[in-house]
Amino acid sequence: MSTKLSATQIAWRAAQEISDGAYVNLGIGLPEMVARFQPPGRQAIFHTENGILGFGEAPPAGEEDWDLINAGKKAVTLLPGTAFFHHADSFAMVRGGHLDMAILGAFEVAENGDLANWSTGPKGVPAVGGALDLVHGAKQVVVITEHTTKDNKPKLVKRCSLPLTGVGCVTRVYTSLAVVDIQGGRFVLREKLAAMSLDELQSVTGAELVVNGRVADLVVPEL
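Residues numbered from 1 in each chain as written. Predicted model: local features only at pLDDT ≥ 70, side-chain atom pairs only at ≥ 80, totals over all residues. Heavy atoms only, no water.

### Points about the overall build of the protein
- Within the protein, the regular secondary structure consists of four helices and 14 strands.
- The globule rule puts the C-alpha radius of gyration for 223 residues at 17 Å, and the 17 Å found for the protein is close to it.
- Overall, the C-alpha framework of the protein stretches about 50 × 40 × 30 Å when taken along its three principal axes.
- Scored against the burial criterion, the 223 residues of the protein give a buried share of 51%.
- The contacts in the protein between residues at least 6 apart in sequence include a share of 64% that link residues at least 24 apart. (Helix = DSSP H or I, 4+ residues; strand = E, 2+ residues; numbered from the N terminus. Rg over C-alpha atoms; globule rule 2.2 N^0.38 Å. Buried < 20%, exposed > 50% of the residue type's maximum accessible area, 1.4 Å probe, protein only. Contact = heavy atoms within 4.5 Å.)

### Things to note about the sheet that holds strand β7 (residues 115–116)
- Pairing is mixed in the open sheet, where three strands are placed in the order β7-β6-β9. The two strands at the open ends of the sheet, each matched to only one other strand, are β7 and β9 (156–157).
- Here two bridges tie strand β6 (residues 108–110) to β9, and the two strands are oriented parallel to one another. In the sheet register, valine 109 faces β9, and the bridge partner there is leucine 156. (Pairing = 2+ DSSP bridges.)

### Section: the layout of surface pockets
- Taken as a whole, the second largest pocket holds about 220 Å³ of empty space.
- Around the second largest pocket sit 20 residues that line it, and Glu32, Met33, Ala58, Asn70 and Lys74 are the ones nearest its centre. (1 Å grid on protein atoms, 1.4 Å probe; cavity = no way out; pocket = protein on both sides within 12 Å on 5 of 7 lines; lining within 4 Å. Points joined across faces, edges and corners; volume = space filled by probe spheres on them.)

### Re the state of the cysteines
- Summed over the entire model, instances satisfying the criterion amount to zero disulfides.
- Between cysteine 169, a cysteine without a disulfide, and cysteine 160, which holds the nearest cysteine sulfur, the sulfur-to-sulfur distance is 8.9 Å.
- Look at cysteine 169 and you get buried, because its relative accessible area is 11%. (Disulfide = S-S within 2.5 Å.)

### Things to note about unusual backbone geometry
- A positive phi angle is found at lysine 73, which is not glycine, with a value near 65 degrees.
- Its location among the elements puts lysine 73 in the loop between β3 (52–55) and β4 (78–84).
- Classification of lysine 73 as exposed rests on a relative accessible area of 62%.
- Positive phi is not limited to glycine here, since asparagine 152 has a value of about 70 degrees.
- Within the element layout of this structure, asparagine 152 appears in the loop between β8 (141–145) and β9.

### Regarding the pattern of salt bridges
- A complete count under the given rule lists 11 salt bridges for this structure.
- In this structure, arginine 13 and glutamate 17 form a salt bridge, with 2.8 Å as the shortest nitrogen-oxygen distance.
- Of the charged contacts, one joins arginine 186 and glutamate 208 as a salt bridge, the two residues approaching to 2.6 Å between their closest N and O atoms. Pair noted here: arginine 186 is in strand β12 (residues 186–192) and glutamate 208 is in the loop between α4 (198–203) and β13 (209–210), with a separation of 22 residues, a long-range link.
- Judged by relative accessible area, which is 46%, glutamate 208 ranks as partly exposed. (Salt bridge = Lys/Arg side-chain N within 4 Å of Asp/Glu carboxyl O.)

Structure below.
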């Protein structure tokens, strides 16, 4: 397989598409890194389920204030205008449709937009968390993930085999190899690594990649 993007590069690429002033929830894990890469002149307003709106990137190591954490128990920084509120109010924002975007991780994404991101099966930890609300409350659901599992099995599949978080909810996926939209129940390829052929990419994708127009090179900085 051609060289793939690092986790920070995937997060950087996803951050470039967030509109100025958008209200965005960042899921636990890889999505948390998106807060580090706000494009110049744009500032999203990040939301976390435990009750913070308008937080910034993680503080430098050793400078954490452990009273200021996100839903993943990671330290965050405060920005001018940051607001704190009750857990119930936080979920009212989610369920009330007030978030423009949720950026989540995934174990599997199906070509029809189904998402599995909370359980790896009977031996997994049964903790769906806020994702179940986010996939139905946010106006747009975006996934950032490695393109394949650690044993090189596709994470973009025809149908999910793991317990679902949401049905038909994902509209775009940023992976370590490509940017893929979900339209009309199909994976539509938008960008791919220049060093990787379409056939190579298709061989590590579990459903057909549709090419509808020009496929741009997936270009990110060294981070």
